[in-house]
Amino acid sequence: MRSTHSLFIWCLVVGAVFGMNMLWVTQQETKLSPKNTLFQGKIISIPGFDGNVVSFQYKTEDEVVVVRYTLLSNSEKRILQKNLHAGNSYRIIGQLEKPNSPTNFHSFNYRQYLNHEHIYWILTAEKPPHPLPSSLTPVERIMQWREKQIYRIQNTFPEPIDGLMSALIFGDQSHMPVELQKAYQTLGIVHILAVSGLHVVLLLAMVNFICLRLGMIREHVLFLLLLFIPIYVILTGAEASVIRAGLTGMFVLGYTLIKKVHLTSIDLISIVFLVMVFYDPEFLFQMGFQLSFLATSAILLSAHTIHKKAFSYLEQLLWLSVICELATFSILIPSFYQFSFISFFMNMLFVPLMTNIILPLSIMTYTVSYIYSPLSFVLSQFMSSLLKYPHRILLYFYYHPHFVLTYGSLTPVMLFCMVLLIYVCLCLWEHRLKRGEYLLLIPFIFMYTMVVLSGTWSSQGQVVFLDVGQGDSVLIQLPHHRGTILIDTGGIVPYKTEAWKKKKDPFKVGRDVVLHELRASGIHQIDMLILTHSDYDHIGGVKDLIGQIPIRKLIISPWFNPSTADIKMLKQAYRQGTKIQKVQKGDTINFSTYAFHVLSPATNQDSNNNSIVLQTNLGGLNWLFTGDLEEEGENQLTKNYPRLSIDVLKVGHHGSRSSTSEQFLNVIKPKYAMISVGKNNRYGHPNQEVLQRLSSLHVKIMRTDQLGAIRWSFKNDQITRVDFAVQQ
Amino acid sequence: MSLCLWCQSIYAHPLDFRHLFSVSNQVGYCPQCLVKLEQIPAHQSCRLCGRDLTKLDAIYIKDGTCLDCKKWEEGPSHGLLEKNYALYSYNDFMKEIMSAFKFRGDVLLAEGFKPIVQMLYKRVIKESSLTWFEKARYLFFYQMGWQFKEYPYVIVPLPLSQKRLKERGYNQSVVLAELLQQRIIPAIRRSEDGGKQSKKGRAERLNTIQNPFRLDSDYTDAIYGQCVLLIDDIYTTGTTLRLAAAALKVAKPKHVISLTLCHG
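Residues numbered from 1 in each chain as written. Chains lettered and ligands numbered in written order. Predicted model: local features only at pLDDT ≥ 70, side-chain atom pairs only at ≥ 80, totals over all residues. Heavy atoms only, no water.

1. Overview of the overall build of chain A
Point 1. Each helix and strand counted, chain A has 24 helices and 24 strands in total.
Point 2. The C-alpha radius of gyration computed for chain A amounts to 29 Å, which stays within 12% of the reference 27 Å derived for 728 residues, consistent with globular compactness.
Point 3. When each of the 728 residues of chain A is scored for burial, the buried share is 49%.
Point 4. A separation of at least 24 residues holds for 69% of the contacts in chain A among residues at least 6 apart in sequence.
Point 5. About 35600 Å² of surface is accessible on chain A, with carbon and sulfur atoms providing 61% of the total.
Point 6. The distance from the centre of the 62 positive side-chain charges to the centre of the 49 negative ones in chain A is 5 Å. (Helix = DSSP H or I, 4+ residues; strand = E, 2+ residues; numbered from the N terminus. Rg over C-alpha atoms; globule rule 2.2 N^0.38 Å. Buried < 20%, exposed > 50% of the residue type's maximum accessible area, 1.4 Å probe, protein only. Contact = heavy atoms within 4.5 Å. Areas by Shrake-Rupley, 256 points an atom, 1.4 Å probe, with all protein chains shown as cover. Lys, Arg positive; Asp, Glu negative; His and termini not counted. Charge placed at Lys NZ, Arg CZ, Asp CG, Glu CD.)

2. Quick word on empty space enclosed by the protein
Residues and elements named next belong to chain B.
Point 1. Taken as a whole and judged by the stated rule, the model has six cavities of 30 Å³ or more.
Point 2. Around the largest cavity, the lining residues are I40, A42, S45, G50, N84, Y85, A86, L120 and R123.
Point 3. Taken together, the elements giving at least two residues each to the lining of the largest cavity come down to β5 (83-89) and α4 (114-126).
Point 4. Broken down by element, the lining of the largest cavity gets its largest block of residues, three residues, from β5.
Point 5. Within the lining of the largest cavity, the residues separate by chemical class into five nonpolar, three polar and one charged. (1 Å grid on protein atoms, 1.4 Å probe; cavity = no way out; pocket = protein on both sides within 12 Å on 5 of 7 lines; lining within 4 Å. Points joined across faces, edges and corners; volume = space filled by probe spheres on them. Nonpolar A, V, L, I, M, F, W, Y, C, P; charged D, E, K, R; others polar.)

3. A short note on the pattern of salt bridges
Point 1. Applying the stated criterion across every chain, the model contains 24 salt bridges over all chains.
Point 2. Here K650 of chain A makes a salt bridge to D472 of chain A, at a shortest N to O gap of 2.5 Å. In this pair, K650 of chain A is assigned in strand β20 (residues 648-650) and D472 of chain A in the loop between β10 (460-465) and β11 (474-477), connecting sequence segments 178 residues apart. An identical accessibility class is assigned to K650 of chain A and D472 of chain A; each is buried.
Point 3. A salt bridge links E111 of chain B to K114 of chain B, with the nearest nitrogen and oxygen atoms 3.6 Å apart.
Point 4. Under the relative-accessibility criterion, E111 of chain B is labelled partly exposed at 30%.
Point 5. One network of salt bridges, in which partners are shared, links K182, D505, R511 and D512 of chain A. (Salt bridge = Lys/Arg side-chain N within 4 Å of Asp/Glu carboxyl O.)

4. Points about the domain arrangement of chain B
All names here are of chain B.
Point 1. As assigned here, chain B comprises domain 1 (1-35) and domain 2 (38-263).
Point 2. Of note, the centres of domain 1 and domain 2, computed from C-alpha atoms alone, are 27 Å apart.
Point 3. Each partner contributes to the interface: domain 1 provides seven residues, whereas domain 2 provides 10 residues.
Point 4. Taken together, both faces of the contact between domain 1 and domain 2 bury some 830 Å²; the carbon and sulfur share is 72%.
Point 5. By the criterion of area lost to domain 2, the three top residues of domain 1 are L5, W6 and Y29, representing 65% of everything that side buries.
Point 6. Our count for the domain 1 to domain 2 interface comes out at zero salt bridges.
Point 7. Counting every contact that joins domain 1 to domain 2 gives one residue pair in polar contact (both at pLDDT 80 or more).
Point 8. Looking at the side of domain 1 that touches domain 2, its residues break down into five nonpolar, two polar and no charged. (Domains from an automatic or database assignment. Buried area = accessible area lost by both parts, 1.4 Å probe. Polar contact = N/O pair within 3.5 Å; in protein donor to acceptor, adjacent residues only side chain to side chain.)

5. Section: the UniProt feature "domain: Phosphoribosyltransferase" (unreviewed entry) in chain B
Point 1. In this structure's numbering, the residues bearing the UniProt feature "domain: Phosphoribosyltransferase" (unreviewed entry) are residues 220-262 of chain B.
Point 2. Within the segment residues 220-262 of chain B, helix and strand shares are 33% and 40% respectively, and the terminal C-alpha atoms sit 29 Å apart. (UniProt positions renumbered as here; feature names shortened; annotations may be inferred.)

6. What to know about a nonpolar patch on the surface
All names here are of chain A.
Point 1. Together, F8, I9, W10, L12, V13, V14, V17, L274 and F278 give the surface a local cluster of nonpolar side chains, amounting to about 850 Å² of exposed area.
Point 2. Of all the secondary-structure elements, those providing two or more residues to the nonpolar patch are α1 (2-25) and α10 (265-279).
Point 3. Per-element tally for the nonpolar patch: the top contributor is α1, with seven residues.
Point 4. Along the chain, the position of V17 falls in helix α1. (Patch = residues over 30% accessible without salt bridge, like charges linked within 9 Å, V, L, I, M, F, W, Y side chains within 5 Å.)

7. Thoughts on the interface of chain A and chain B
Point 1. Contacts between the two partners involve 18 residues from chain A and, on the opposite side, 12 residues from chain B.
Point 2. Carbon and sulfur atoms make up 71% of the area that chain A and chain B hide from each other, which totals about 1400 Å².
Point 3. Area buried by chain A at its contact with chain B is led by L301, Y423 and E430 of chain A, which between them contribute 39% of it.
Point 4. Here chain A is connected to chain B by one salt bridge.
Point 5. Here R18 of chain B and E430 of chain A are joined by a salt bridge, their closest N and O atoms 3.1 Å apart.
Point 6. At the boundary of chain A with chain B, the tally comes to four residue pairs in polar contact (both at pLDDT 80 or more).
Point 7. Taken together, the residues of the side of chain A that touches chain B sort by class into 10 nonpolar, seven polar and one charged.

8. Topic: the sheet that holds strand β23 (residues 710-715) of chain A
All names here are of chain A.
Point 1. If you walk across this open sheet you meet the eight strands as β15-β14-β13-β12-β11-β10-β23-β24, and the pairing is mixed. This sheet does not close on itself; its edge strands, each paired only once, are β15 (579-582) and β24 (718-724). The sheet shows a mean angle of 15° between the axes of neighbouring strands, direction not considered.
Point 2. For β23 and β24, the ladder comprises six bridges, and the chain directions are antiparallel. Looking across to β24, one finds that R711 is bridged to D723. (Pairing = 2+ DSSP bridges. Axes fitted to C-alpha atoms, helices over the stretch in contact; angles between N-to-C directions.)

9. Side note on the environment of I92 of chain A
Residues and elements named next belong to chain A.
Point 1. Locating I92 in the fold gives a position in strand β5 (residues 89-97).
Point 2. In the structure, I92 is positioned 65 residues away from F157 in sequence and 34 Å away in space, judged by C-alpha atoms.
Point 3. The contacts of I92, once residues within four sequence positions are left out, are T37, L38, F39, F56, Y58, V67, L123, A125 and P129.

10. So, the packing of aromatic side chains
Point 1. Counted according to the given criterion, the structure contains 41 aromatic pairs over all chains.
Point 2. Look at Y396 of chain A and F397 of chain A: their rings are 5.3 Å apart centre to centre, the planes differ by 80°, and that puts the pair in the edge-to-face class.
Point 3. With relative accessibility at 40%, the residue Y396 of chain A sits in the partly exposed group.
Point 4. On the basis of an interplanar angle of 65° and a centroid distance of 5.4 Å, the ring pair of Y423 of chain A and F21 of chain B is categorised as edge-to-face. Remark: F21 of chain B occurs in the loop between β2 (10-11) and α1 (31-36) and Y423 of chain A occurs in helix α15 (residues 412-431); the pair is interchain, linking two chains.
Point 5. By relative accessible area, which is 22% here, Y423 of chain A ends up partly exposed.
Point 6. An aromatic cluster of at least three residues, connected via ring pairs, comprises F329, F339, F341, F344, Y407, F444 and Y448 of chain A.
Point 7. When the ring centre of W121 of chain A is taken as reference, the NZ or CZ atom of K98 of chain A above it lies at 4.5 Å.
Point 8. Cation over ring: R242 of chain B sits above W72 of chain B, and NZ or CZ is 4.3 Å from the ring centre. (Phe/Tyr/Trp six-rings, centres within 6.5 Å; stacked < 30°, edge-to-face > 60°. Lys NZ or Arg CZ within 6 Å of the ring centre and 35° of its normal.)

11. What to know about the side chain of S45 of chain A
Point 1. Among the secondary structure elements, S45 of chain A is positioned in the loop between β1 (38-43) and β2 (48-50).
Point 2. At 2.9 Å, the side chain of S45 of chain A and the backbone nitrogen of Q57 of chain A are in polar contact.

12. Quick word on the nonpolar core
Point 1. Membership of the largest hydrophobic core comes to 46 residues, with the highest contact counts inside it found for F113, L229 and L261 of chain B.
Point 2. Of all the elements in the fold, those that place two or more residues in this core are β5, α3 (92-103), α4, α5 (132-144), α7 (172-178), β9 (227-235) and β10 (255-263) of chain B.
Point 3. Ignoring sequence-local partners within four residues, the contact set of F113 of chain B consists of Y29, L37, Y88, M94, I97, L179 and L261 of chain B.
Point 4. Among the nonpolar cores identified, the runner-up in size contains 37 residues, and I142, L317, L359 and L387 of chain A belong to it. (Core = buried A, V, L, I, M, F, W, Y, C linked by side-chain atoms within 4.5 Å.)

13. What about unusual backbone geometry?
Residues and elements named next belong to chain A.
Point 1. The omega torsion across E159 and P160 is -5°, close enough to zero to call that bond cis.
Point 2. Mapped onto the secondary structure, P160 falls in the loop between α4 (138-156) and α5 (161-170).
Point 3. The peptide bond linking S600 to P601 adopts the cis configuration, its omega dihedral lying at 0°.
Point 4. Locating P601 in the fold gives a position in the loop between β17 (594-600) and β18 (613-618).
Point 5. For K669, which is not a glycine, the phi torsion comes out positive at approximately 45°.
Point 6. At H698, a residue that is not glycine, the phi angle is positive and equals roughly 60°.
Point 7. Topologically, H698 is positioned in the loop between α23 (688-696) and β22 (700-703).

Okay, here's the thing in structure tokens:
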């Protein structure tokens, strides 16, 4: 009893110390304000050149900011690539801006992410950074050496070996080919690319072996290793997982030196955790930190049981990957929304391949390249041929998502239940004398069933006007999973750029907004995709959806005017099993009790006026989705339906002057006007005249450029709430 | 981190998911010592005396019981002791532990068996003739460390004679019974008789005629109609336990089973 009491008191003390540390000591507020425009400081990360933008972390006297500079020419890019280095001092003139906060309900919160790294501002440089004379600290020297090595690897070895090597040896994943990196991520094997305990152990063992062979005393070698670890941590980019591994290594060496202390591995990892969190509480919110600690402790806790239950290496590997997936589920699902069962097999394929073959080979190749470069070339060729087929398999499953469960963003209650369920299942699995592998699969399947059932039971429906920038995309989810309807997909009009300006992974609205939001809402198929007309800002995103999410039916007007690219896209959709249906005035599309009436087009006109116009009743309101309908089309509409009365109007053509005529408004008398429009768009949408016309009729205007995505929730015949993605 | 009760070496049991949130201040044996103990596999033990059947030749086994038990069942004391549960085979290592525990006063050695004895007690409840609901309730209460209002078993440790108790200072059966953390009923008394059971040979033990045990009349009500669980350190021939069971018979228990640390 006494020890229980003292344990409790210790917990209270540690909790109080950490709480105070978090509240008063390490809490940082920004000292900068937008008034500051001239800065002096050091670059503290490797400058990343992506197309015509260079960005890096920059330490001013007060705090760290992210600097962005838009390059003017290719020659400037080359000059800066030569001159910008981590560790050097520069003078920068520019404007401070707050990082973007999300404009869709589930989009990545870049501002929050940076805040957790104690970064509060983005500095948009007006001129290229001006170098200042400065002296380098030892840490900066190591950083510069690292940068040089990464640059060297990039220039020496072929793709994708260069990216892999700089990830595996120097912890820099930014040179991996984009799709490959995404494939590693979605299929749950990205952990292989992170420098972690394995690397530290491998390296320590190597150094230890060499030093002992050279005849050094064991104690001296230990000291040497203790010094070596921090250098290695800086050399590999000092990510959370490396720091964890390094600190653990140092503790192990430390207590081997002292000899008096006995710690279990769980004690060790707990101490390292406390040390890291005490140093910086914001670590707790960083995904790398969370994943690293969760996975490692899960492995430590299950090692004994796995050893008892599985005999072969591959079997142990499978168990381990399942347990790691379970342990990190509560972190991964809220940000990726999906789980792929392929990931178990990918782990079984890639973990042995990478750890036993590719990692030693790449270290060898890298070392050999200093001594005899032709041999290193042969080795790198060998590596790329080794990885060719595994990578093909990986990419196949990335592009063809089989065996994938979409959970969507789980509610906190569900997440809590999930964690509890996972823990109980792990305990039961451990308790069972027999293998009981099914116990480990229960959480995945049970939770998925819960997600599906809760959607089926929920009598709440939603209409979401997504913020796709300049473009249209409306997502309608009917109650009880009766149907998912997507009207248009947004799209960024592509324009030709010079090769040097091309971004490595440009923003794609179909993938990064529409598909992301669909997945976050737990949608695993689109029942009906309506393409109102063929303008790129309405259908540009379709190609990012096809193949990634099943589309049951695609609806276009008979006068849909496809370009050759569109025809290709439609054909591809057709091959994927999508039915293509044409509708015109007078047609009705039914989803159980919900009816969508097509009011236009009746005849062939110009492209915008060929827009499909839909009228429906949701949550007791009459909705009109107009696409890009212009005055001409509106007139025809009011002629055909003179008694049309509407509550919510999706304003035609993003609020252009040529739409939403006074006459039209007088007939339909909307109460709300939704304008889907991009911030600072070059067309000047929405037009002031249109806004005046609407406000003079006391129509409430909601704009996606101001409010972000807009979500109307309804239940039966009632609108229950309207949310905006941008906090007001 | 703890010290092994037997060899005094520092050891740590690997932490697992089940014990992640539990405060572990248990004392126990290190893995090296635990390996030397031979645990009797539950599904390969004699139905009646709990002996490890894997260590017995097939000719001595009949219908899942050993021939010794067959003999008991055919004899006059048939049905006195319904079943015995035993944890470990009485091998050389166990002999050393038992002699330290019983004769050299190292009482703490018993504490190391606490988790496994409690696990065995749970097995006893699971295999009892209670309804599933009662079993679940008892097991749940036991797991939570709550006391029952009524108990599934009346726990009766085998007594020592007054003289021996004075010599030794403790009764090893009571120490073992206390590991269960249940109410203990000292319903049996032992008269001052001659000689330790452990100093006698097999024939001598089997031929004990006069029963050294008698029922303490204060506890007649506590025994009446109840299931009794006798606790002893070791089951050798089964005579002692049967004598104790015979002494209890006066109070008309529902049935009598026993739990011992070792068998052999």
